[in-house]
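# Per-entry structural report
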Amino acid sequence: MENTARIHDPSTYTIEKQPYYVPVGNEVTLFEAAYSSHLPVLLKGPTGCGKTRFMEYMAWKIQRPMITVSCHDDLTTSDLVGRYLVKGGETVWVDGPLTRAVRSGGICYLDEIVEARKDTMVVIHPLADDRRIMPIEKLGQLLEAPESFCLAISYNPGYQSVLKELKQSTRQRFVAIEFNYPTHDLERQIIIHETGLDVVSTDKLLKLADMTRNLKGNGLEEGASTRLLVHAGKLIAKGVEPRAACQGAVALALTDDSDMIAAINELIGALF
């Protein structure tokens, strides 16, 4: 059996162009301090509030490659670490995304970590404490993470349940940075920059966002995120009628409940 590891070029994951990100609080300072102290980072906050964009911005700022993994129910330890595959008649080892990030001294960002299978935490824990090591049992190797490596995870506390919650044994290994939706002034700035939409239409989107966010827990799991407002703004900027744009990008994206969709559509009609 050929024991040659196939390693991807780290430059593939380098962010060359500065991502547009507007700091909401002290998250940039916190991340930089954690990174320089070799501490892993936990981003917590509602979906669509800018956690992933923040990570892209920080990867650009500290000039490290970033590998993002969207966690899901079927994500296994092998998916993160790597596995043997048969290619061209020979068996080769192919690194998983976490191993690639460790080898290259980059950032591994595990998005929505609570969605992953519980056994994946076995490989994450030794990287998230003072050991900063990664056992690769199938290769008989023990990788030591270089100083430039950073482990970052995210999750949405609003989606937690008894079956999907972040255990204290995991949580207490990380420096937590809390995210929320930006202030109106910042959110307006973001929407206009991302979409090119005029101020009047942007402010109507912000009012719609407030109305849907007030419905959280009263028919909606989440209100309209900044991401959804940007989606609606892009459609409007492309000439889509505002009501149709908001119905498609906001109402139907938030829920499948017909009564709730009708209620949101009424809000849209009152604004546009």
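A quick note: this is a predicted structure, and the numbers were derived from the prediction, not measured.

With that out of the way, let us pick up the overall build of the chain. Helix and strand counts for the chain stand at eleven helices and ten strands. Dimensions of the chain along its principal axes, counting C-alpha atoms only, are 65 × 40 × 35 Å. Out of the 272 residues belonging to the chain, those deemed buried represent 46%. Contacts spanning at least 24 positions in sequence make up 72% of the contacts within the chain whose residues lie at least 6 apart. Distance between charge centres in the chain, computed from 29 positive and 35 negative side chains, equals 2 Å.

Along the polypeptide, Asp 119 turns up in the loop between strand E6 (107-111) and helix H5 (121-124). On a C-alpha basis, the gap between Asp 119 and Gly 223 in space is 32 Å, while along the polypeptide they are 104 residues apart.

For the rest of this paragraph, the subject is the packing of helix H10 (residues 242-254) against helix H11 (residues 258-271). Where H10 meets H11, the closest approach of the two axes is 10 Å, and the angle between their N-to-C directions is 150°. In terms of orientation, H10 and H11 fall into the roughly antiparallel class. In this structure, the crossing between H10 and H11 has a hand that is right-handed. Between H10 and H11, the residues in contact are Arg 243, Cys 246, Gln 247, Ala 251, Leu 252 and Leu 254 and Ile 261, Ile 264, Asn 265, Ile 268 and Gly 269, respectively.

Let's shift gears to empty space enclosed by the protein. As enumerated under the stated definition, the model contains one cavity of 30 Å³ or more in all. When its volume is computed, the largest cavity comes out at roughly 40 Å³. His 38, Leu 39, Pro 40, Leu 127, Arg 132, Phe 149, Cys 150 and Leu 151 together form the lining of the largest cavity. Among the residues forming the lining of the largest cavity, the class breakdown is six nonpolar, one polar and one charged.

Where the parts come together, the accessible area they lose is often given as the size of the interface. Per the domain assignment, the segments of the chain are domain 1 (27-178) and domain 2 (184-271). Contact with domain 1, which involves six residues of that partner, is made by six residues of domain 2. A buried area of about 520 Å², summed over both sides, lies between domain 1 and domain 2, and 42% of it is on carbon and sulfur atoms. Where domain 1 meets domain 2, there are one salt bridge.

This part is about the nonpolar core. In terms of nonpolar packing, the biggest core is built from 32 residues, with Leu 98, Leu 110, Ile 113, Phe 149 and Leu 151 touching the most fellow members. Breaking this core down by element, the ones donating at least two residues are strand E3 (66-70), helix H3 (77-81), helix H4 (97-104), E6, H5, strand E7 (133-136) and strand E9 (150-155). Excluding residues that lie within four positions of it along the chain, Ile 113 makes contacts with Cys 71, Met 121, Ile 124, Ile 153, Ser 154, Tyr 155 and Leu 166.

The next point concerns the packing of helix H7 (residues 184-195) against helix H9 (residues 226-237). Between H7 and H9, the least distance of the axes is 9 Å, while the angle of their chain directions is 40°. When the interaxial angle is binned, H7 and H9 end up oblique. Relative to H9, the crossing made by H7 is right-handed. The segment H7 lies against H9, with Glu 187, Ile 190, Ile 191, Glu 194 and Thr 195 engaging Thr 226, Leu 229, Val 230, Gly 233, Lys 234 and Ala 237. A class-by-class count of the residues in the contact of H7 with H9 yields five nonpolar, three polar and three charged.

Turning to the sheet that holds strand E10 (residues 175-178), a few remarks are in order. With parallel pairing, five strands are arranged side by side in an open sheet as E3-E6-E9-E2-E10. Edge positions in the sheet fall to E3 and E10, since each of these pairs with one other strand and no more. Strand-to-strand, the axes of this sheet are offset by a mean angle of 20°, without reference to chain direction. In terms of strand pairing, E6 meets E9 through four bridges, oriented parallel. Looking across to E9, one finds that Cys 108 is bridged to Leu 151. Running over the sheet, H4 touches E3, E6 and E9 and is turned about 165° from E3.

Rules behind the numbers
Residues numbered from 1 in each chain as written. Predicted model: local features only at pLDDT ≥ 70, side-chain atom pairs only at ≥ 80, totals over all residues. Heavy atoms only, no water. Helix = DSSP H or I, 4+ residues; strand = E, 2+ residues; numbered from the N terminus. Buried < 20%, exposed > 50% of the residue type's maximum accessible area, 1.4 Å probe, protein only. Contact = heavy atoms within 4.5 Å. Lys, Arg positive; Asp, Glu negative; His and termini not counted. Charge placed at Lys NZ, Arg CZ, Asp CG, Glu CD. Axes fitted to C-alpha atoms, helices over the stretch in contact; angles between N-to-C directions. Parallel < 35°, antiparallel > 145°, perpendicular 65-115°, else oblique. Left-handed = near helix turned anticlockwise from the far one by under 90°. 1 Å grid on protein atoms, 1.4 Å probe; cavity = no way out; pocket = protein on both sides within 12 Å on 5 of 7 lines; lining within 4 Å. Points joined across faces, edges and corners; volume = space filled by probe spheres on them. Nonpolar A, V, L, I, M, F, W, Y, C, P; charged D, E, K, R; others polar. Domains from an automatic or database assignment. Buried area = accessible area lost by both parts, 1.4 Å probe. Salt bridge = Lys/Arg side-chain N within 4 Å of Asp/Glu carboxyl O. Core = buried A, V, L, I, M, F, W, Y, C linked by side-chain atoms within 4.5 Å. Pairing = 2+ DSSP bridges.

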